Every structure is written in C-alpha cells, then in structure tokens.
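Each chain is listed here by its residues.
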Amino acid sequence: MAEYSHHGWVYFNDSFYYISAWGNSWQDSREDCLQRGADLVIINSKEEQEFMRQFKKHVWIGLTDRETEGVWEWVDGTPLTTSYWDANEPNSHEGIDEDCGEIKLHYDDENNWNDVSCTVQNIWICEKKFTLTQ
Ligand SMILES: [Ca+2]
Ligand SMILES: [Ca+2]
Ligand SMILES: [Ca+2]
Ligand SMILES: [Ca+2]
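Everything quoted here is computed from the prediction, not taken from an experiment.

J.: An account of unusual backbone geometry is needed here, citing residue identities and associated values.
T.: With omega at -5°, the peptide bond leading from Glu89 into Pro90 counts as cis. Summarising the element assignment, Pro90 is placed in the loop between strand E6 (73-74) and strand E7 (100-103). Residue Lys56 is not a glycine yet carries a positive backbone phi of 55°. Among the structural elements, Lys56 can be located in the loop between helix H2 (46-53) and strand E5 (59-64). For Asn88, which is not a glycine, the phi torsion comes out positive at approximately 70°. The topology assignment puts Asn88 in the loop between E6 and E7. Overall, the presence of 8 C-beta atoms within 10 Å leaves Asn88 in the exposed class.

Structure below.
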C-alpha cells in the first residue's frame, strides 16, 4: 500500500500521512495534526481517496461546514469541489448538527464520506505535504 513508511508516517504521492492510535473530537484531532506540523487530511484527487480507503479505518478528514451550514470547506480554506459522499450524505439529520467529515467503514465503496457531529470520538489521519525546502 505504501511506497515508504517512517516513524509512523506513510508516504504517498508527495505527502506524508499519519494515522492516530486513539480517538478524539474533530477539533482535538486537528490540533494534534497541527502540533505535528501537518493538518487533517485533504483529499485532492481520486487517487488520494483510493489511498484513504486502503487504511480500512473509520477516520476524521479535514472537511467541515462549521462556518456556514451546507458550505463544505477543507482545513486549508479551499472549497470542496470533488466529493465522495456516501448515499444520502451529508444529511445533518434529526436536529443533530453534523459539521465534520469522516470516512465511514465502506471500503469497497468509492463514496464513503459522512457528516457527523464534531464531538464524536474518531481516529484521524494527518497529512503533511512533502517539500524540498523543509
Ligand atoms: Ca491531500
Ligand atoms: Ca452547522
Ligand atoms: Ca453541517
Ligand atoms: Ca451524516
């Protein structure tokens, strides 16, 4: 699955990825990534979405509509263009405010994103771009 792995980080297509060993809220998960010089994963391509599926984990991704309900943004501020929502998602159902994005346990399904309450405890994936200047 990975071309290269080092101290828990996995390398794929010019980024390093770190998967947590325990669960946390979306915000606390993001804080952990920032402390590692990374951020929650931003899925920029179909290849990256395929790569995420290979972890076979139920994880936070760096996607939220906390600022404006229904307007999904990545943690770097870029708007969501290509998405992989599961059927009938995002749904913010039954009065529950679901403002954070996760990958559900549908590995065999290309579309496996769900919006869920940001306070749910999930494990998470950090992404750090590989740059030669660092
Ligand atoms: Ca990415
Ligand atoms: Ca909301
Ligand atoms: Ca929402
Ligand atoms: Ca949902």
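J.: Help me get a handle on the pairing of strand E3 (residues 15-19), residues and values and all.
T.: In this structure, strand E2 (residues 9-12) lies alongside E3, joined through 4 bridges in antiparallel fashion. In the strand pairing of E3, Tyr11 is matched with Phe16. Strand direction decides the pairing type here: E3 and strand E9 (residues 123-129), joined by 5 bridges, are antiparallel. The residue bridging Phe16 from the neighbouring strand is Lys128, located in E9.

Conventions used here
Residues numbered from 1 in each chain as written. Chains lettered and ligands numbered in written order. Predicted model: local features only at pLDDT ≥ 70, side-chain atom pairs only at ≥ 80, totals over all residues. Helix = DSSP H or I, 4+ residues; strand = E, 2+ residues; numbered from the N terminus. Buried ≥ 20, exposed ≤ 12 C-beta atoms within 10 Å, placed from the backbone. Pairing = 2+ DSSP bridges.

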